[in-house]
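# Analysis of the macromolecular model
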Amino acid sequence: MYDLIIKNARTLEHQTIDVAIKDGKISEISAVIAADSQEIFNAKGQFISAGWIDAHVHCYEKMSLYYDYPDEVGVKNGVTTIVDAGSTGENNIGEFYKLARKSKTNVYALLNISKDGIVFQDELSDLTKVNEAKNLERIQELSEFIIGIKARMSKSVIGQNGVRPLIMAKSLQKKANLPLMVHIGTAPVELEELMSYLDAGDIVTHCFNGKDNGILDRAGQIKDFAKKAYEAGVHFDIGHGTESFNFQVAMQAKSENILANSISTDIYSRNRLDGPVYNLATTMEKLMYVGYSLEQVIHRVTQTPAKALRLSSKGELAVGYDADITLFKVTDDSSKQLIDSNQETVKTSVQIQPTATIIAGKVYEID
Ligand SMILES: [Zn+2]
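Rules of the game
- Residues numbered from 1 in each chain as written.
- Predicted model: local features only at pLDDT ≥ 70, side-chain atom pairs only at ≥ 80, totals over all residues.
- Heavy atoms only, no water.
- Helix = DSSP H or I, 4+ residues; strand = E, 2+ residues; numbered from the N terminus.
- Rg over C-alpha atoms; globule rule 2.2 N^0.38 Å.
- Buried < 20%, exposed > 50% of the residue type's maximum accessible area, 1.4 Å probe, protein only.
- Contact = heavy atoms within 4.5 Å.
- Areas by Shrake-Rupley, 256 points an atom, 1.4 Å probe, with all protein chains shown as cover.
- Lys, Arg positive; Asp, Glu negative; His and termini not counted.
- Charge placed at Lys NZ, Arg CZ, Asp CG, Glu CD.
- Polar contact = N/O pair within 3.5 Å; in protein donor to acceptor, adjacent residues only side chain to side chain.
- 1 Å grid on protein atoms, 1.4 Å probe; cavity = no way out; pocket = protein on both sides within 12 Å on 5 of 7 lines; lining within 4 Å.
- Points joined across faces, edges and corners; volume = space filled by probe spheres on them.
- Nonpolar A, V, L, I, M, F, W, Y, C, P; charged D, E, K, R; others polar.
- Donors = N, O, S within 2.8 Å, 3.2 Å for Na, K, Ca; no water.
- UniProt positions renumbered as here; feature names shortened; annotations may be inferred.
- Patch = residues over 30% accessible without salt bridge, like charges linked within 9 Å, V, L, I, M, F, W, Y side chains within 5 Å.
- Salt bridge = Lys/Arg side-chain N within 4 Å of Asp/Glu carboxyl O.
- Domains from an automatic or database assignment.
- Buried area = accessible area lost by both parts, 1.4 Å probe.
- Pairing = 2+ DSSP bridges.
- Right-handed = clockwise from strand over helix to strand, strands pointing away.

## Brief notes about the overall build of the protein chain
The secondary structure content of the protein chain amounts to 12 helices and 17 strands. At 20 Å, the protein chain has a C-alpha radius of gyration in line with the 21 Å of a compact globule built from 367 residues. With the principal axes as the frame, the protein chain shows a C-alpha extent of 65 × 45 × 35 Å. Within the protein chain, the proportion of its 367 residues that are buried is 58%. Counting contacts in the protein chain only where the partners sit at least 6 residues apart, residues at least 24 apart contribute 74% of the total. Just so you have it, the protein chain exposes about 15,100 Å², and 45% of that area is on carbon and sulfur atoms. Across the protein chain, 39 positive and 48 negative side-chain charges occur, with their mean positions spaced 2 Å apart.

Structure, rendered in structure tokens:
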């Protein structure tokens with residue numbers, strides 16, 4: 001007896017499948033499953049994929065500026081797992097954990113190396129706020145919740161400290177053996193110097209920002225060192241945000257065979273409600289506008305973020321994995337405007353609409 005069978009779902013390869021779930025895990029996938037089940041969900045006409053993962057959000061509701069509620073960005077938008085990227089540090093991440101675990105959406109966190117996270121937005125301008133011993137202690141205490149480390153490396157955050165915060169983040173990363181996400185933006189630090197400290201697997205978020213210190217040179221080509229870093233395995237993450245996604249940069253990168261490794265939103269209440277982010281599906285539509293296929297887009301919100309953040313039971317629609325699943329429709333019969341962070345507006349006909357979010361085998365329909 002299964003807990004749930006999802007019937008007649010359509011794979012990206014246009015096959016029709018049934019998926020059976022038991023005890024929060026995917027138990028069986030085949031063309032037709034006839035076994036008994038507590039619950040049957042008919043997904044006819046809907047695509048199925050592993051649950052979408054948004055690797056860069058801000059969802060600590062007690063934060064003053066960059067706050068949101070996990071279920072507003074997650075389950076209501078087809079997103080089964082969200083990763084808060086450094087809203088909190090060793091001082092307040094315990095409080096965040098207590099709140100986050102009450103949500104339906106799976107919530108994980110990257111620990112900001114600065115003790116209070118982004119309570120103040122210049123969190124790395126005073127390096128006495130970075131305490132490696134306390135950071136390590138918190139990482140051990142909350143090992144189920146803290147899955148990585150975050151350092152925001154741009155002018156307004158680091159003040160006069162240059163590359164020093166990044167060196168501290170790398171030191172912590174080595175001791176904790178966790179993934180590191182680095183936010184890039186306005187210099188200092190120059191992007192070339194910043195990237196020289198990164199290793200394969202390190203995550204650069206805001207990869208296609210349209211700022212001067214981004215990956216495009218003055219001639220509009222991808223800077224050599226950025227290409228080399230990408231080819232060496234540095235992970236490029238979208239981290240759209242209010243200020244950090246630019247269509248031209250994304251298109252130029254694609255024309256030089258640089259596709260973002262993961263698609264994430266950097267969403268919080270304001271850019272969710274007022275744009276330009278709105279939700280993960282809209283960000284996915286933007287990458288389809290840039291020329292990514294539906295398969296490439298889905299891959300970048302499932303397998304690749306799971307792998308980069310070592311969420312080993314997530315990101316695949318396969319037997320034995322967590323029963324986190326997204327059902328969605330893709331339509332191309334109407335017109336929608338998409339806007340990037342530099343107010344460039346384009347029109348697309350392709351729309352991705354999540355219809356149900358399944359988290360640990362529980363179905364949440366989206367109206
Ligand atoms: Zn962010």
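Having seen the structure, we can now continue with the description.
## Quick notes on the side chain of S264
By the secondary structure assignment, S264 is in the loop between α8 (247–255) and α9 (269–273). A polar atom in the side chain of S264 sits 2.7 Å from the side chain of D237. At a separation of 2.9 Å, a polar atom in the side chain of S264 contacts the main-chain amide nitrogen of G239. Once residues within four sequence positions are removed from consideration, S264 is found in contact with D54, A55, H56, T205, D237, I238, G239, H240, L280 and T283.

## Section: the layout of surface pockets
Considered as a void within the structure, the largest pocket measures approximately 420 Å³ in volume. Around the largest pocket, the lining is made up of 24 residues, and of these Y66, R152, H183, K211 and E243 lie nearest the centre. Looking at the lining of the largest pocket, the elements that each hand over two or more residues are β9 (146–153), α4 (155–158) and β10 (180–184). With three residues, the single largest contributor to the lining of the largest pocket is α4. Split by residue class, the lining of the largest pocket holds five nonpolar, 13 polar and six charged.

## Brief notes about the coordination of the zinc ion
The reference angle at a metal is 109.5 degrees if four donors form a tetrahedron and 90 or 180 degrees if six donors form an octahedron. In this structure, H56 (NE2), H58 (NE2) and D266 (OD) serve as the protein donors to the zinc ion, at separations of 2.1 to 2.3 Å. Each donor residue of the zinc ion belongs to the same chain, and together they define the spacing H-x1-H-x207-D.

## A look at the UniProt feature "modified residue: N6-carboxylysine" (unreviewed entry) in the protein chain
Within this numbering scheme, the UniProt entry marks K150 as carrying the feature "modified residue: N6-carboxylysine" (unreviewed entry). In this fold, K150 is placed in strand β9. Excluding its chain neighbours within four sequence positions, the residues that come into contact with K150 are H56, A85, G86, L110, L111, N112, I113, M181, H183 and T205.

## Section: a negative patch on the surface
Taken together, the side chains of E190, E192, E193, D217 and D224 make up a negatively charged region of the molecular surface. When you line up the elements, E193 lands in helix α6 (residues 191–196). Accessibility expressed as a relative area gives 39% for E193, which makes it partly exposed.

## Some remarks on the domain arrangement of the protein chain
Along its sequence, the protein chain is carved into domain 1 (2–48 + 321–365) and domain 2 (50–308). Domain 1 and domain 2 are separated by 26 Å when their C-alpha centres are compared. When domain 1 packs against domain 2, the two sides together hide about 2,400 Å² of surface, and 64% of this comes from carbon and sulfur. When the area that domain 1 buries against domain 2 is broken down by residue, the three leading residues are L12, S341 and I352, summing to 23%. Put simply, domain 1 and domain 2 have one salt bridge between them. Across the domain 1-domain 2 interface, the total number found is 16 residue pairs in polar contact (both at pLDDT 80 or more). If you list the elements that add at least two residues to the side of domain 1 that touches domain 2, you get β13 (325–331), β14 (336–339), β15 (345–348) and β16 (351–359). The greatest single-element share of the side of domain 1 that touches domain 2, amounting to six residues, is contributed by β16. Residues of the side of domain 1 that touches domain 2, tallied by class, amount to 14 nonpolar, five polar and five charged.

## A short note on the pairing of strand β7 (residues 79–85)
Taking burial as the measure, the seven residues of β7 include seven buried ones, the bulk of the element. Relative to β7, strand β6 (residues 52–57) runs parallel, the two sharing four bridges. Bridge pairing in β7 links D54 to I82. Pairing geometry for β7 and strand β8 (residues 106–112), over five bridges, is parallel. By the bridge assignment, A85 is partnered in β8 with L110. With respect to chirality, the unit in which β7 leads through helix α2 (residues 93–100) into the neighbouring parallel β8 is right-handed.

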